[in-house]
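Next come the chains, spelled out residue by residue.
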Protein chains: 2
Amino acid sequence: MTEKNSLLCNGKHHEMERFIETCLLLLLYKETGYGYALMEQLNYFDFSEGRLNISTLYRRLRKMEKEELVVSAWEESSKGPKKRIYSITDKGKEKLAKWIQILKSRKSKIVKLIDKYDETVKTSH
Amino acid sequence: MTEKNSLLCNGKHHEMERFIETCLLLLLYKETGYGYALMEQLNYFDFSEGRLNISTLYRRLRKMEKEELVVSAWEESSKGPKKRIYSITDKGKEKLAKWIQILKSRKSKIVKLIDKYDETVKTSH
DNA sequence: TTTAACTATATACTTATTGCATATAGTCCT
DNA sequence: AGGACTATATGCAATAAGTATATAGTTAAA
């Protein structure tokens, strides 16, 4: 799978693929974290619980670990069940930087499309 | 399938779902068109042929017609094979406007993420 | 003691998208 | 006839994400 310069999208109720992972990597860049708490922190990026399914979050984390973008370690908890604590790897940091570039490109495309729309709608009235 | 305020993404080599359809609807807003030619016009939105598979384009067009966002009619061609000419419907225009709003929201999210990244990377050096 | 609530993690099933691969067909030129 | 260009379409496979569901630890209430 060659990635090119694309953010990959899909059907049903979906956020941009790398958007979720980009957000997660960024949160982990600041400090280590575990799934359940990361879910709440995603609120900052307008990912409310009703917007992102928690199963997706766990799956993305597992996938990123498989890809060596993050590493995890089980931590016994003084309260409640044990936690799987994630940290970002150097590889993950590089990937994050890369996706940020991609998102910038994406943003430009959106701006271009919006401008084109405004221009088109204006001249058709 | 409730759409909420999400742009839906997916695996493999993917552009944002509604981005493709938004572009197509916008092109058809300006003037009617047929698949093959629309494919070339998409270059304006940085969809080069290597970036979007033409099978996807046809499928998106067929899907939008099923959803009544566009209508099509076969046109005999003086040269070459017959063409399936598409026009946007009023419903399609409404949908286009809606997706433009969604894209604006999407852009804001991207900006927010990028700012957060810059801020985070700066304070970590 | 049992049940409920909260915390924490995980996975099967289903749906949808898109590239790859492939196919059909009309027109023109070699 | 074969190749190139124009024009459209669909099966297969991979991937993502919601729904549904499951397991498990801790604490508090019934």
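Look up a bit, the structure's there.
Residues numbered from 1 in each chain as written. Chains lettered and ligands numbered in written order. Predicted model: local features only at pLDDT ≥ 70, side-chain atom pairs only at ≥ 80, totals over all residues. Heavy atoms only, no water.

Asks: I'd like a description of the packing of helix H4 (residues 90-123) of chain A against helix H4 (residues 90-123) of chain B, backed by residues and values.
Replies: Relative orientation of the contacting elements H4 of chain A and H4 of chain B amounts to 145 degrees, with a least axis distance of 9 Å. For the pair H4 of chain A and H4 of chain B, the sense of crossing is left-handed. Residues Leu96, Ala97, Ile100, Leu103, Lys104, Arg106, Lys107, Ile110, Val111, Leu113, Ile114 and Tyr117 of chain A of H4 of chain A pack against Leu96, Ala97, Ile100, Leu103, Lys104, Arg106, Lys107, Ile110, Val111, Leu113, Ile114 and Tyr117 of chain B of H4 of chain B. Partitioning the contact of H4 of chain A with H4 of chain B into residue classes produces 18 nonpolar, no polar and 6 charged. (Axes fitted to C-alpha atoms, helices over the stretch in contact; angles between N-to-C directions. Helix = DSSP H or I, 4+ residues; strand = E, 2+ residues; numbered from the N terminus. Left-handed = near helix turned anticlockwise from the far one by under 90°. Contact = heavy atoms within 4.5 Å. Nonpolar A, V, L, I, M, F, W, Y, C, P; charged D, E, K, R; others polar.)

Asks: Please set out the sheet that holds strand S2 (residues 70-75) of chain B residue by residue, giving values where relevant.
Replies: Residues and elements named next belong to chain B. Read from one edge of the open sheet, 3 strands run S1-S3-S2, paired in antiparallel fashion. Looking at strand neighbours, the two that pair on one side only are strand S1 (33-34) and S2, the edges of this open sheet. Relative to strand S3 (residues 83-88), S2 runs antiparallel, the two being bridged by 6 bridges. Across the sheet, Val70 pairs through a bridge with Ile88, a residue of S3. (Pairing = 2+ DSSP bridges.)

Asks: Requested: an account of the sheet that holds strand S2 (residues 70-75) of chain A, with residues and values cited.
Replies: Residues and elements named next belong to chain A. Within the open sheet, the 3 strands sit side by side as S1-S3-S2. Their pairing is antiparallel. In this open sheet, the two edge strands, each paired with only one partner strand, are strand S1 (33-34) and S2. Against the sheet, helix H3 (residues 54-66) makes contact with S2 and strand S3 (83-88), and its axis sits at roughly 115 degrees relative to S2, the strand it touches most.

Asks: I'd like a rundown of the pattern of salt bridges, residues and numbers included.
Replies: All names here are of chain A. Within the structure shown, the criterion is met by 10 salt bridges over all chains. For Glu21, the salt bridge identified is with Arg60, shortest N-O distance 2.6 Å. With Glu21 in helix H1 (residues 17-30) and Arg60 in helix H3, this residue pair connects regions lying 39 residues apart in the sequence. Owing to a relative accessible area of 0%, Glu21 belongs among the buried residues under this scheme. Residue classification places Arg60 among the buried residues on the basis of a relative accessible area of 17%. (Salt bridge = Lys/Arg side-chain N within 4 Å of Asp/Glu carboxyl O. Buried < 20%, exposed > 50% of the residue type's maximum accessible area, 1.4 Å probe, protein only.)

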